Structure formats: C-alpha cells, structure tokens
Amino acid sequence: MKTRNGDTEAAYGEIGRYYLPLALQAVSQSFTYPLVAIVATRGREGSLNIAALAQAHIILFFLLSLGAGLVTAGMVYCVNGEGLRRFRMLNRRFTLMIVAVHGLVCIPLVSHIIFSSIMGLEGELYRSTYLAFLLSLPFPMMFNFRNIAMVVLFNNKLTGKAFSATLGRIVLTVLLSIVLTFSGLTGIFWAAVCQTIPIVLEVILMNHFAKESLGKLRLKEGDCPPIGEMATLTFSFSAGKMMMAFSAYAVAGFAARAPEPGIMLPVYYAAVGIMNPLAFAASRMQATVISFAVRGVKNIRLFNFTVFSGLVCGAIPLVFTLPFLSDWYYGALQKIPSGDLPLVKQSAMLLVLVPFAVALRSYVEGWAAFRRNPVAVIAGQGVYLGAVVSAAFFAFNLGAQGNMIGPLALFVGNICAAGILALALRMKEPEDIHAPPAQFITPA
C-alpha cells in the first residue's frame, strides 16, 4: 500500500528483524541483576544484602525514570545535525538533574528521611542500602551517556548492534560474578563493581557501533523544534514510567491485604518475575512504531505484528508451567512449596494477556510520539494509573485471591490506556491509528 509520496509499509520480515534484537535486549537486561545479587549475598551480611540491593534499586530506578522518555524523544527529533545538537543538550541537562537529585539523596540527613523514616529500614539493612545507593551514583551518568548512541542506532535500524553491546555487558557480568565470587571479593562494594564495569563496556560498545551513523547525522541539514518541545515530550513519557512504578506498589498493597498474603504474594511475584521481562520486550513496539510508521496508510502490517508479538510474549511464560520445568524453576530455584505450585500456574495463566495489552498500549504510544502529541501520552498514562488502582480495588472488594488482583489490574490498566490514547489520536488523524482487528494477517 502506497501513499501519494510513494511511501510503503515495511514487510513483516523487516519489522521482525528490527524488533527481535530490541526484544532480546529488553529480556536479557533482566539477567544481570541476579548475577550481581550472587556477589552481594556472599558477603558478610548474607541474604540481607539482597534486600539492601533491592531497596537501593527501587530508589535508583525511580530516579532513572525521570529520563525514561529521552530515547523516545530522541528518536522523534534527532533526525538531522541540529536535532542531534539540541538532543545532546537536552540529554546533558537531564543527566545533571538526575545526578543532582541522586547526590541530594546521598546526603546523610536526606537519606535517613527516605530510607529510615519513609521506607522503615533500620540497623545493618539501612547501612547496606545506603552504601548500595551511594555506590550507584555513576549509573545515571553511564546510562544517559548511551542515549545518543542508542537513538542513532534505533533510527538507522541497527538494533542488532545495540543488542550486541548489551550482550557484551551480560557476558562480562557473568565472568565478573564468577571471578569475584571465587576470589572471595563479595558484598555490597564488589557487587557494585560487578555492575559498574559491564555497564561501562556497554556504553563504549554502543558508542563505537554508532560512530559512523553519528558522523553522517552531524552533516545532515534541517530544522528542529525548540528544545522545550523536546523536553515536553520527554517529560510526558517519563511521567508515565513513574506512574507505572507507583501502580505496582498500589497493586501490591491490595494483594497484601487479601486473604493468605504469606502464600499469595510469593506466588504472584514468582509468576510476575517471568512475565515482567517479556512485558518489557512487548513495550519495545513503541520504538518499532516510531521507526516504521507511515503517514497516509492504515499500517496494517505494523498493527498485525504488534498483536502477534504481544501474544507470543504472553505465551512464553507458560513454558515454565510445564510439570518438570515448573518443579525446577518455581520449586527448586524460587523455593515455592510444592503445594502452592498450582497457584503459580494459575497466576501465569492470568498473566498471559498482560504482555499483549502492553504491546497494544506501546503501539499507540509510538503513534503519539510519532505525531509529537505529549498531551495524549499524559492522558493515557493518567488513565492507566487510575484504571490499575480501580481494578485492584474492585477485585479486592469482590473477594479475588491475592495472586489474581495483579494480573487483572495490569491487563485492565494497559487496555484502558491504549483505548484512551487511540481515541485521542483518532480525533486528529483517524486514518493513521491501525487497521480493524478483522483485517488481521499472520506475519510471514
């Protein structure tokens, strides 16, 4: 299908070759944290260090979410030399802001308010959490240093190279975790070392792979909107990430108040631990839409690929419910009692449609970014938060089991956000949203 300008939709194979490395990158990033935890837990404080790392990462990831929209905004605006210059300036300002807030939290008085008064940490757990957070101070700078290279690789459809850089980070993390553990260099400090060095490698590789494309982009002439417009789009997606992080705590709060929380919460988190990386992979449809969206056509293939990838991402966790694999992963590794395994399988079945719903939401978010419509994004994210909390509230009051509240709330939240976003965009350009489901075509 062609537009008046002769533009055509990409083939399924081309979309797949772009999306698959992004999905693998999203899934594989989750592998590094358990490896770092292995180094931490073998320290003097033992398993307490795992809790300390988790608590420190909660605050760290919240701070990083302030710049979560940078890559999306970069893909939209960083299309010529002037766009690159302004995006580089915006990325630098966000980095300084995040590092400044991170440094502020590291001040003992402020950290005591957050980690002790608010989070309720005391004694050795408080000290270990503070140390883990202090040692993570370089992370915002390193993660943001790779943003420009990542944007250039994504826009030039070189997602395979971006995944290669992340794969190098994972391999080095594996090697370091083995070396440090067998050398007796364990605990919070060495866990931070195990996490930092591989990230530095990923940044170096990412910038190396993007060097040639970056040089061509600098020479490309063209206009670019004011930096304020870029910042607005960035903030709209960043605010959405923070709302989603908050909604996870709301869901956990309702689940903890349902009957038998000592059984239901571990069961739910064991199942959601498999689903989350795949939901993250499904969310990569946002970048895929920005790269392949074509104005003036219905983009049937792009929509069909979204449906297909969302269903596949949702189906993969079901593999872990098979008898022998379930006993090994959930029983032996996650320490779920054998009598509770049917509840884990129940949770996994309910979570099947969550990555599918995430893919649909990310698809429409991609269109919102493509059209530079931050108002629609914020509206969708606000609806997401409200729908998740409302669904969790009603599920709890209707007597749903604790392991059922999360899957139901997450599905409803993502579907409602996708619907509101699609409605907001359709009011402007109805022809560009997606083809009706009846026109589904199975990807080749």
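Refer to the structure above for everything that follows.
So, here's what we can say about the structure. Model, not experiment: these values are computed from the prediction.

Basis of the calculations
Residues numbered from 1 in each chain as written. Predicted model: local features only at pLDDT ≥ 70, side-chain atom pairs only at ≥ 80, totals over all residues. Heavy atoms only, no water. Salt bridge = Lys/Arg side-chain N within 4 Å of Asp/Glu carboxyl O. Helix = DSSP H or I, 4+ residues; strand = E, 2+ residues; numbered from the N terminus. Buried < 20%, exposed > 50% of the residue type's maximum accessible area, 1.4 Å probe, protein only. Contact = heavy atoms within 4.5 Å. Axes fitted to C-alpha atoms, helices over the stretch in contact; angles between N-to-C directions. Parallel < 35°, antiparallel > 145°, perpendicular 65-115°, else oblique. Left-handed = near helix turned anticlockwise from the far one by under 90°. Nonpolar A, V, L, I, M, F, W, Y, C, P; charged D, E, K, R; others polar. Phe/Tyr/Trp six-rings, centres within 6.5 Å; stacked < 30°, edge-to-face > 60°. Lys NZ or Arg CZ within 6 Å of the ring centre and 35° of its normal. Patch = residues over 30% accessible without salt bridge, like charges linked within 9 Å, V, L, I, M, F, W, Y side chains within 5 Å. Areas by Shrake-Rupley, 256 points an atom, 1.4 Å probe, with all protein chains shown as cover. Polar contact = N/O pair within 3.5 Å; in protein donor to acceptor, adjacent residues only side chain to side chain.

### Considerations on the pattern of salt bridges
- Taken as a whole and assessed by the stated rule, the structure comprises seven salt bridges.
- Here E82 ties to R85 by a salt bridge, and the two come within 2.7 Å at their closest N and O atoms. Within this pair, E82 and its partner R85 are both found in helix α5 (residues 81-106), separated by three residues, close to a single helical turn.
- Judged by relative accessible area, which is 42%, R85 ranks as partly exposed.

### Let's talk about the environment of C106
- Following the sequence through the fold, C106 ends up in helix α5.
- Apart from the residues within four sequence positions on either side, C106 is in contact with S111, Y130, F133 and L134.

### A short note on the packing of helix α2 (residues 32-41) against helix α10 (residues 159-183)
- Contact geometry for α2 and α10: axes closest at 9 Å, N-to-C directions at 15 degrees. One way to sum up the angle between α2 and α10 is to call them roughly parallel. In this structure, α2 meets α10 at a crossing whose hand is left-handed. Two secondary-structure elements touch here, α2 through T32, Y33, L35, V36, I38 and V39 and α10 through R169, I170, T173, V174, S177, L180 and T181.
- By residue class, the composition of the contact of α2 with α10 is eight nonpolar, four polar and one charged.

### Here's the deal with unusual backbone geometry
- Look at K157: it is not a glycine, yet its phi comes out positive at around 60 degrees.
- Relative to the elements of secondary structure, K157 occurs in the loop between α9 (147-155) and α10.
- Of the residues examined, K157 reaches a relative accessible area of 35% and is grouped as partly exposed.

### Examining the packing of aromatic side chains
- Under the counting rule described, the total for this entry stands at 11 aromatic pairs.
- Aromatic side chains F94 and F235 sit 5.1 Å apart centroid to centroid with 45 degrees between the ring planes, which places their arrangement in the tilted category. Of this pair, F94 sits in helix α5 while F235 sits in helix α12 (residues 227-257), placing them 141 residues apart in sequence.
- Each ring, one from F139 and one from F143, has its centre 6.4 Å from the other, and the planes form 70 degrees; the classification is edge-to-face. Of this pair, F139 and F143 both sit in helix α8 (residues 139-145), four residues apart, roughly one helical turn.
- On the basis of relative accessibility, which here comes to 10%, the residue F143 falls in the buried class.
- Ring pairing ties together the aromatic residues F254, F393, F394 and F396, which thus form one cluster.
- Over the aromatic face of Y384 sits the side chain of R361, whose NZ or CZ is 5.9 Å from the ring centroid.

### Section: a nonpolar patch on the surface
- On the surface, L104, I107, L109, I113 and I118 cluster together to form a nonpolar patch covering roughly 510 Å² of accessible area.
- Among the elements that take part in the nonpolar patch, helix α6 (residues 108-118) stands out by supplying three residues, more than any other.
- Residue placement: L104 occurs in helix α5.

### Let's talk about the environment of L302
- Note on placement: L302 falls in helix α15 (residues 300-315).
- With 211 residues separating them in the primary sequence, L302 and N91 have C-alpha atoms 29 Å apart.
- Leave out the neighbours within four places in its chain, and L302 touches E9, I15, M285, T288, V289, F292, A293 and Y363.

### Overview of the environment of A400
- By the secondary structure assignment, A400 is in the loop between α19 (374-397) and α20 (402-426).
- Along the backbone, A400 and P259 are 141 residues apart, and their C-alpha atoms lie at a distance of 9.0 Å.
- The contact partners of A400, leaving out residues within four places of it in the chain, are A258, A395 and I405.

### A look at the packing of α12 against α20
- At their nearest, the axes of α12 and α20 sit 8 Å apart, and the two run at 155 degrees to each other. When the axis of α12 is compared with that of α20, the two are roughly antiparallel. Considering how the two elements wind past one another, α12 and α20 form a crossing that is right-handed. Residues V251, F254 and A255 of α12 form the contact with α20, whose own contacting residues are G402, I405, G406 and A409.
- Looking at the contact of α12 with α20, its residues break down into five nonpolar, two polar and no charged.

### Re the side chain of S28
- Within the secondary structure, S28 sits in helix α1 (residues 12-29).
- For S28, a relative accessible area of 7% corresponds to the buried category.
- Engagement of the side chain of S28 in a polar contact is seen with the backbone oxygen of L24, the distance being 2.8 Å.
- Of note is the side chain of S28, whose polar atom sits 3.1 Å from the backbone oxygen of Q25.
- When near neighbours in sequence (up to four residues on either side) are disregarded, S28 contacts F163, T166 and I170.

By themselves these figures say nothing about function.
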